[in-house]
Amino acid sequence: MSLVDRDRAVLWHPYTQMLTAPAPLPITRAEGVWLYTEDGRRILDGISSWWVNIHGHSQPKLNAALAAQARELEHVMFAGCTHRPGVELAERLIEILPKGLARVFYSDNGSTAVEVALKLAIQYWRNLGQPDRKTFVTLHNAYHGDTVGAMSASEDSVFTRAFSTLTFPVERVHSLQDMEQRLRDAGDSVAAVLIEPMLQGAGGMIVWPAEFAAGVRRLCDRYRTLLIADEVLTGFGRTGKMFACEHAGITPDIICLSKALTAGYLPLGVTATTATIYDAFLSDDRSKTFFHGHSYTANPLACAVAIASLDLFRDEAVLANVSRLEQQLRAGFESLRARGNVRVIGGIGAVELASDRPGYLDQRGPELAAAFLDRGLLLRPLGNVVYFMPPYCITESETAWALDQIISVLL
Ligand SMILES: Cc1ncc(COP(=O)(O)O)c(C=O)c1O
């Protein structure tokens, strides 16, 4: 039996209508930007395997770091124990994160990094004697993950609607003006403002000006509330800077990281905070403890690969590659302006095609994905938004080839 037949007998895939979805790609190995299938095809990973891969698949230095760590310590619980990879990664992150972020709390994916941020914000105010600060202000078109808190903070959409009895209400805003009005009206009830700085990803690859994030920081200061930056997608160079907050020169009170943190190797989440937030949990009263954790908190294998990934940023021209990629994406996507709204930032190029039924369920998404796949390019359009987000290690000629495929399918 083929892998696909065996898969069909026992598996249930994410975001997949199992009745009608095409057969999954049977991937047997991968190297650089290329995926190899059981039936002999070579396919370019044009979305970095859901935005996680940055240095390429099966990267020799990352492979070596993972193997070495496996020989030393594979895992141990992180309550009451510590280990070198967990400590060293936190030290390295604090060195490069926006100045002022001083404490690292680990979890194991992007959604949990956001859940931790939401819970920290709520308990921070509670520990300070302000339990009524419990509302979150978020943005329309936001996407923060699929767990219940992260879904609540995300846009009300086909992803969340079936679960509306589980989610909690948030204040969704469109603009700085709107945000200021809500913050003014909501008085002391806002726990935090949560944004995806510079780029809203799953909501449709929407690029925001740096002034917006800077304005949000100013409003949070003026109305004395916390700013949470969800950099699960944007962190580690995706927008051209190590962290998207750098475009605006801001430090959030809490930052959420995952995806490219481990360069696409292993699940790991980080929620980093300022010392002010951390200090509000220090107490003789044990009820002020942050009661949150996961079995795989600070998994040493994941931390070791994350450290090796930061070494690559330090030792090789990784961000320069993103900048070269950005220039190429700008030139390539330019020719798609006739088809819709073009947006490019860092290593991401997107075009929002004009549509009668815009949104995730636009049927052109799967149709276009099939057309790209026929040409050997793996893309997963978000409905009528087609985007290309390859690993940063993609070469100039591989990028040129992928852009040719995108342009010839769309024009
Ligand atoms: C901005 C943002 N936050 C959170 C998440 C959730 O991450 P995960 O899929 O690892 O739970 C995503 C995933 O796409 C994301 O783009």
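First, a word on what this report is: a plain description of the structure on this page. (Residues numbered from 1 in each chain as written. Predicted model: local features only at pLDDT ≥ 70, side-chain atom pairs only at ≥ 80, totals over all residues. Heavy atoms only, no water.)

1. Regarding the site of the ligand
Item 1. The full set of residues close to the ligand is Trp 51, Asn 109, Gly 110, Ser 111, Tyr 143, His 144, Gly 145, Glu 196, Asp 230, Val 232, Leu 233 and Lys 259.
Item 2. One nitrogen or oxygen atom from the side chain of Asn 109 is found 3.3 Å from an oxygen atom belonging to the ligand.
Item 3. Within the side chain of Lys 259, an N or O atom sits 3.1 Å from an oxygen atom of the ligand.
Item 4. Coverage of the ligand by the protein amounts to 84% of the 390 Å² it exposes when considered alone. (Near = heavy atom within 4 Å. Polar contact = N/O pair within 3.5 Å; in protein donor to acceptor, adjacent residues only side chain to side chain. Areas by Shrake-Rupley, 256 points an atom, 1.4 Å probe, with all protein chains shown as cover.)

2. Side note on the sheet that holds strand E13 (residues 340–345)
Item 1. Strand order in the open sheet formed by 3 strands is E13-E14-E16, with antiparallel pairing between adjacent strands. Of all strands in the sheet, those with a lone pairing partner are E13 and strand E16 (385–388), marking the two edges. Taking each pair of neighbouring strands and ignoring which way they run, the sheet shows an average axis angle of 15°.
Item 2. Here E13 pairs with strand E14 (residues 348–353) via 6 bridges, running antiparallel. Paired with Ile 345 across the strands is Ile 348, a residue of E14.
Item 3. Those strands touched by helix H14 (residues 396–410) are E14 and E16, and its axis lies near 165° from that of E16. (Pairing = 2+ DSSP bridges. Helix = DSSP H or I, 4+ residues; strand = E, 2+ residues; numbered from the N terminus. Axes fitted to C-alpha atoms, helices over the stretch in contact; angles between N-to-C directions. Contact = heavy atoms within 4.5 Å.)

3. What to know about helix H3 (residues 60–72)
Item 1. An ideal rise of 1.5 Å per residue puts 18 Å on 13 residues; H3 measures up with 19 Å between its terminal C-alpha atoms.
Item 2. Within the span of H3, buried status applies to Leu 62, Ala 65 and Gln 69. Seen from one end, H3 has its buried residues packed into an arc of 60°, which puts them on one side. Residues of H3 that are exposed and angled more than 90 degrees away from the buried face: Pro 60 and Arg 71.
Item 3. Buried residues in H3 make contact with helix H4 (84–96) and helix H11 (300–315).
Item 4. Here H3 starts with a cap whose side-chain oxygen sits 2.7 Å from the backbone nitrogen of Lys 61, and that cap is Gln 59. (Expected span 1.5 Å × (residues − 1). Buried < 20%, exposed > 50% of the residue type's maximum accessible area, 1.4 Å probe, protein only. Arc of directions from axis to C-beta.)

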